[in-house]
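Below are the chains, spelled out letter by letter.
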Amino acid sequence: MTPTELTAWTELQQLAQSAPARDIAGGFAADAARASKFALEAAGLQANLSRNWIDGAVLDALIRLAEQSQLPRWRSALLTGAPINNTEQRPAWHSALRGSVGDAQVTRQVADERDKMLALAESLRAGARRGSTGAPIETVLCCGIGGSDLGPRLVTEALGTPTGAARLRFVTNIDPVDLEQALIGARSESTLVVAISKSFTTLETLQNARAALDWLASAPGVRPAQQFVAITNQPAKAIGFGALPENILTFADWVGGRYSVWSPCGFPVALAHGAAAFRGLLAGAAALDRHFAEAPLTQNLPVVLGLLGVWYANFHALPTRAVIPYAQRLAKLTPYLQQLEMESLGKRVDRDGQAVSFATSPVTWGDVGTTGQHSVFQFLHQGTQPTPVDFITCRAFEHSASERERLLYSNALAQADALAFGDSVLGSAAANPHQVCPGGRPSNFITLPDFSPQSVGELLALYEHRTFVQGVIWGINPFDQFGVEIGKKLLAQRLSGTAAKRSGN
Ligand code: F6P
C-alpha cells in the first residue's frame, strides 16, 4: 500500500485546503494556550512548534498517518538492528554505537573499536605519539568527505575550542588548494595523516591522502606508513593502499557514512575534545534514542518534526526547507543536514522499487544566523515560496552575560515572530506594497540547553530520527545512496577514454 492510499493521507489533503491551520496569527488569537499546547521536550532539547500551520486536527491526522504507516514497527526494527536497509540487506544500527543493545557480541565489538580509537586520540592529545623520526606529532590531518567529514567536523566545532597537544586539520576537496591550506604551518616529521573512509575507494579521500603521504615522504628520514592511520570498514583495501595493519581502525558495515560520527570515524571529535567528551556525545544521542523509542507519538519530538516536514512537502507542496542555526558553533549544521536529509530521502522509488507518486526530500538549505539575515532572509520574508524554517539556538544565550549572545537569541526570536506574524508584529501593516511582509510563514524554534557533548549528541540524533520518520511515511529506504554512483562511473569512463561525448566538452 502506498501512503497516498491511507485514509489519513486523504484526511490531510482535505485539512490542507482549510485556511485556519495556515493562519498562525489567528491560531494564537483564538487560543491563549497555543504556545504551550504545541511545545515539546526531548531529553534536554525543547521545541516551540506553535508557529506552524497546524491545529489540533492537523496534528491528530499526522499522528494517524504515522500509525497507519506502521511507524512504531519500523522504529523498533531500526533500534533492534533488523536489516531495514533492504537494498543493501543490512541494519542501520547507528543507535548500537551509543547505547546498550541486547547483543553481547555487537556490544563487545563496538566497545573494542571505540576504545582503540579513543586510546589513539588520547595519546595524541597527551603529546605521547611520535613520528618515524622520533619527533612528537603536532599536527593531525584528517582526510575524508561526506559522512566521513561533515559529522566529525560539525561536532568538533560545536564543542568549542579544541584542547590537547595536537592541532587538527581537515581536508576534503580534491582541489589541491584545500590540502595546501590544511598543511600551512605543518611539518612533515610531526604530522600524522588520517584517512577516514568507510569504503576506502572514495576518490577525493584517497587522492588527498596520497598527496599528503607524498608530502611526508619528501622530508628526509620520514617513513610515511608509520605516520598514517586508516579508519575504515575495508581494512584489506587500506593495507593495499599502504596502511600498516596496526594503524587501522575498523567499524561495522551497518554504520552508514552519514551516521558514522558515533563510530571510530568520530576520531577528530575525540582528538579535539577528549575521550570523555566523545562518550558524552554518545550518551546524549542514546538519551534521544530512548525518547524516540519510548515517548508517545504525540509527544515524540523526532516523530512530530518528521511529520511536519511531510505536511509541508506533500500537502502544501513546499519544495524547500531552511535550517538556520543561531550559533556560530553550529555553522556546519546546515551542510551536515543537507547530506543527512537529501542523501537519505532524495529517492524516486519506494522500498520495492516502485516509482512514488508524491514529493520526497525537499531541498534543505540555509545559513547561520545572524549572518543569513543579511542575505537570504529577504526571500524568507517576501519571496513567493513560503519556506518552513528550523531556528536552532541555545537557551543559555537568552540570559547570557555576553550582550552579543543575548542579541543572537533575541534575533532568532524576532525573526521567527516576523515570519509568523508579518507586519502586525510592528503594530500596523506597511502601506507600501514593496514593504509588506505578509507573515503566516511557518517555523520551528528548537533550543539546546548548552553546547555540552550530551546536548550536541541529542541534537544530531534528533535529526537522524526525524529523517528516518519521513523515510517510513514515504515508504522509501533512507539508508542507501545509489544516486551518487552514476557520476563516479562516468568519471571512470572519462578517465579510461571510453566515455561517449554527448555535449560540447
Ligand atoms: O559519494 C557519497 C558517499 O558515498 C557518502 O554516502 C559517504 O558519506 C561519502 O561518499 C564518503 O564515503 P566513504 O566514507 O566511503 O569515503
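Residue numbers restart at each chain and count upward from 1, following the sequence in its written direction. Predicted model: local features are reported for residues with pLDDT of at least 70 only, side-chain atom pairs are reported and counted for 80 or more only, and whole-chain, interface and lining totals are derived from all residues. Just so you know, side-chain values use all the structure's heavy atoms and leave hydrogens and water out.

Describing the sheet that holds strand S11 (residues 443-448)
- Should DSSP find at least two bridges between two strands, the strands are regarded as paired. Segments assigned H or I by DSSP are reported as helices when at least four residues long, segments assigned E as strands when at least two residues long, and all are numbered from the N terminus. Here six strands make up an open sheet; going across it, the order is S1-S2-S11-S10-S8-S9 and the pairing mixed. At either end of the open sheet lies a strand with only one pairing partner, and these are strand S1 (39-42) and strand S9 (363-365). This sheet shows a mean twist of 20 degrees between the axes of neighbouring strands, independent of strand direction.
- As judged from the three bridges shared by strand S8 (residues 320-325) and S9, these two strands associate in the parallel manner. Axis lines are fitted through C-alpha atoms, for helices just across the contact stretch, and the angle between N-to-C directions can take any value from 0 to 180 degrees.

As for the site of the ligand
- If a single non-hydrogen atom of a residue is within 4 Å of a molecule or strand, that residue counts as near it. Around the ligand sit 14 residues, and of these Gly 147, Ser 148, Ser 197, Ser 199 and Thr 202 come closest.
- Distance and chemistry together define a polar contact, namely a pair of N or O atoms within 3.5 Å, with one atom able to donate a hydrogen and the other to accept it when in protein, and with adjacent residues in sequence counting only for side-chain atoms on both sides. Here an oxygen atom of the ligand and a side-chain polar atom of Gln 339 are 3.2 Å apart.
- Within the side chain of Lys 488, an N or O atom sits 3.4 Å from an oxygen atom of the ligand.
- Only the protein chains shown count as cover for residues, with accessible areas throughout obtained via the Shrake-Rupley method and a probe of 1.4 Å. Look at the ligand: alone it shows 390 Å² of surface, and the protein chains cover 87% of it.
- Cavity: a set of points on a 1 Å grid over the protein atoms alone where a 1.4 Å probe fits but cannot get out. Pocket: an open set with protein on both sides within 12 Å along at least five of seven lines, its lining residues, like those of a cavity, having an atom within 4 Å of a point. Whether a molecule lies in a cavity or pocket depends on its atoms, and more than half of them have to be within 2 Å of the grid points. Judged by the fraction of its atoms near the pocket grid, the ligand is located in the largest pocket.
- Gly is put with the polar residues, along with every residue not named as nonpolar or charged; the nonpolar set is Ala, Val, Leu, Ile, Met, Phe, Trp, Tyr, Cys and Pro, and the charged set is Asp, Glu, Lys and Arg. Its residues placed into classes, the shell around the ligand shows two nonpolar, nine polar and three charged.

Quick word on the packing of aromatic side chains
- Note on aromatic contacts: the rings of Phe and Tyr and the six-membered ring of Trp form a pair at centre separations within 6.5 Å, being stacked when their planes are under 30 degrees apart, edge-to-face when over 60 apart, and tilted otherwise. Across all of its chains, the model carries 16 aromatic pairs by this definition.
- Measuring from centroid to centroid gives 5.4 Å for Phe 28 and Phe 421, while their planes differ by 70 degrees, and the two rings are edge-to-face. Of this pair, Phe 28 sits in helix H2 (residues 24-30) while Phe 421 is found in helix H16 (residues 403-421), placing the two residues 393 residues apart along the sequence.
- Classification of Phe 28 as partly exposed rests on a relative accessible area of 25%.
- A connected cluster of aromatic rings, assembled from ring pairs, spans Trp 9, Trp 311, Phe 315 and Phe 358.
- Note that Arg 98 overlies the ring of Trp 262, its terminal NZ or CZ placed 4.6 Å from the centroid. For the exposure calls, accessible area comes from a 1.4 Å probe over protein chains only, and a residue counts as buried if that area is under 20% of its type's maximum, exposed if over 50%, partly exposed in between. Only when the NZ atom of a Lys or the CZ atom of an Arg is both within 6 Å of the ring centre and within 35 degrees of the ring normal do we say a charge sits over the ring.

A word on the pattern of salt bridges
- Take a side-chain nitrogen of Lys or Arg and a carboxyl oxygen of Asp or Glu: if they are within 4 Å of each other, that pair is a salt bridge. One pass over the structure, following the stated rule, counts 18 salt bridges.
- Between Arg 279 and Asp 115 there is a salt bridge, with the nearest N and O atoms lying 3.4 Å from each other. A residue pair is termed long-range when its members are at least 10 positions apart, and Arg 279 in helix H12 (residues 275-294) and Asp 115 in helix H6 (residues 104-125) qualify at 164 residues.
- Its relative accessible area of 38% is what places Asp 115 among the partly exposed residues.
- Across the pair Glu 343 and Arg 258 runs a salt bridge, and its minimum N-O distance is 2.7 Å. Of this pair, Glu 343 sits in helix H14 (residues 333-345) while Arg 258 sits in the loop between strand S7 (248-250) and helix H11 (267-273), placing them 85 residues apart in sequence.
- The exposure class of Glu 343 is partly exposed, given its relative accessible area of 21%.
- Linked through salt bridges whose partners overlap, the residues forming this network are Arg 321, Glu 341, Asp 390 and Arg 466.

Points about the sheet that holds strand S5 (residues 191-196)
- The strand order across the open sheet built from five strands is S4-S3-S5-S6-S7, with neighbouring strands paired in parallel fashion. The outermost strands of the open sheet, each flanked by one partner alone, are strand S4 (167-171) and S7. With direction set aside, neighbouring strand axes in the sheet form an average angle of 20 degrees.
- As judged from the three bridges shared by strand S6 (residues 228-232) and S7, these two strands associate in the parallel manner. Residue pairing for S7: Thr 232 is matched across the bridge by Thr 250.
- Lying over the sheet, helix H9 (residues 203-217) contacts strand S3 (139-143), S4, S5 and S6, oriented at roughly 165 degrees with respect to S5. For this analysis, residues touch if any pair of their heavy atoms sits within 4.5 Å.

Observations concerning unusual backbone geometry
- In this chain, Gly 369 is followed by Thr 370 through a cis amide linkage whose omega measures 5 degrees.
- Here Thr 370 lies in the loop between S9 and helix H15 (377-382).
- In this structure, Gln 89 takes a positive phi of about 50 degrees despite not being glycine.
- Tracing the chain through its elements places Gln 89 in the loop between helix H5 (71-79) and H6.
- On the accessibility criterion, Gln 89 (69% relative accessible area) is exposed.
- We note that Ala 317 has phi near 50 degrees; this positive angle belongs to a residue other than glycine.
- Turning to its location among the elements, Ala 317 is positioned in the loop between helix H13 (301-315) and S8.
- Note on Ala 317: relative accessible area 62%, which makes it exposed.

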